[in-house]
Amino acid sequence: MQFFTQPKRYDDVTTLSNEDLICYCVEVDKKSIVEAIKKGASTLKAIKEATAACTGNECARKNPNKRCCSKEIKQLIELYA
Ligand code: FES
């Protein structure tokens, strides 16, 4: 039997580990975004500036949700800001 590691689809950021990617285009993990929020980045623009997350343009190909990661970043801001 062969196992494949597939990127996780995610709809709820609370189910993700710190090492799970939030932004697949730029490869920014949950921990990096939460750390930026805790250092004061409390808007999507500030997260982009601090981590480069949500600045890619290959979401449809790289992100398992086939869309931009902004929804998940906004969820993290709501949880940790
Ligand atoms: S997944 Fe973050 S910019 Fe594409």
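Here's a quick rundown of the structure. Just so you know, these numbers come straight off a predicted model, no measurement behind them. (Residues numbered from 1 in each chain as written. Predicted model: local features only at pLDDT ≥ 70, side-chain atom pairs only at ≥ 80, totals over all residues.)

**Points about the overall build of the protein chain**
Here comes step 1: In terms of regular secondary structure, the protein chain is built from 4 helices and 2 strands.
Here comes step 2: Secondary structure elements of the protein chain occur, N-terminal to C-terminal, as β-β-α-α-α-α.
Here comes step 3: Put simply, the protein chain has 81 residues, and 26% of those count as buried.
Here comes step 4: Long-range pairs, those at least 24 residues apart, make up 51% of the contacts in the protein chain with a sequence separation of at least 6. (Helix = DSSP H or I, 4+ residues; strand = E, 2+ residues; numbered from the N terminus. Buried ≥ 20, exposed ≤ 12 C-beta atoms within 10 Å, placed from the backbone. Contact = placed C-beta atoms within 7 Å.)

**A word on unusual backbone geometry**
Here comes step 1: One non-glycine residue, Ala 52, lies in the positive phi region at around 75°.
Here comes step 2: Counting through the fold element by element, Ala 52 comes out in the loop between helix H2 (44–51) and helix H3 (59–62).
Here comes step 3: Of note, the phi angle at Lys 66 is positive, near 60°, even though the residue is not glycine.
Here comes step 4: Considering the arrangement of structural elements, one finds Lys 66 in the loop between H3 and helix H4 (70–80).

**Description of the packing of helix H1 (residues 30–38) against H2**
Here comes step 1: Here H1 crosses H2 at 115°, and the two axes come no closer than 10 Å. Of the two possible hands of crossing, H1 and H2 adopt the one that is right-handed. Across the interface between the two elements, Ser 32, Ile 33 and Ala 36 from H1 touch Ile 47, Ala 50 and Thr 51 from H2.
Here comes step 2: Residues that form the contact of H1 with H2 fall into these classes: 4 nonpolar, 2 polar and no charged. (Axes fitted to C-alpha atoms, helices over the stretch in contact; angles between N-to-C directions. Left-handed = near helix turned anticlockwise from the far one by under 90°. Nonpolar A, V, L, I, M, F, W, Y, C, P; charged D, E, K, R; others polar.)

**Quick notes on the nonpolar core**
Here comes step 1: One finds Ile 22, Cys 23, Ile 33, Ile 47, Ala 53 and Ile 73 to be the most contacted residues of the largest nonpolar core, which totals 16 residues.
Here comes step 2: When residues of this core are traced back to their parent elements, those giving at least two are strand E1 (21–23), H1 and H4.
Here comes step 3: Non-local contacts of Ile 22, meaning those with residues more than four positions away in its chain, are made with Val 28, Asp 29, Lys 30, Ile 33, Ala 53, Cys 69, Glu 72 and Ile 73. (Core = buried A, V, L, I, M, F, W, Y, C linked by C-beta atoms within 7 Å.)

**Considerations on the environment of Ile 22**
Here comes step 1: Examined against the element boundaries, Ile 22 turns out to sit in strand E1.
Here comes step 2: Each C-alpha atom of the pair Ile 22 and Ile 73 lies 7.4 Å from the other, and the pair is 51 residues apart in sequence.

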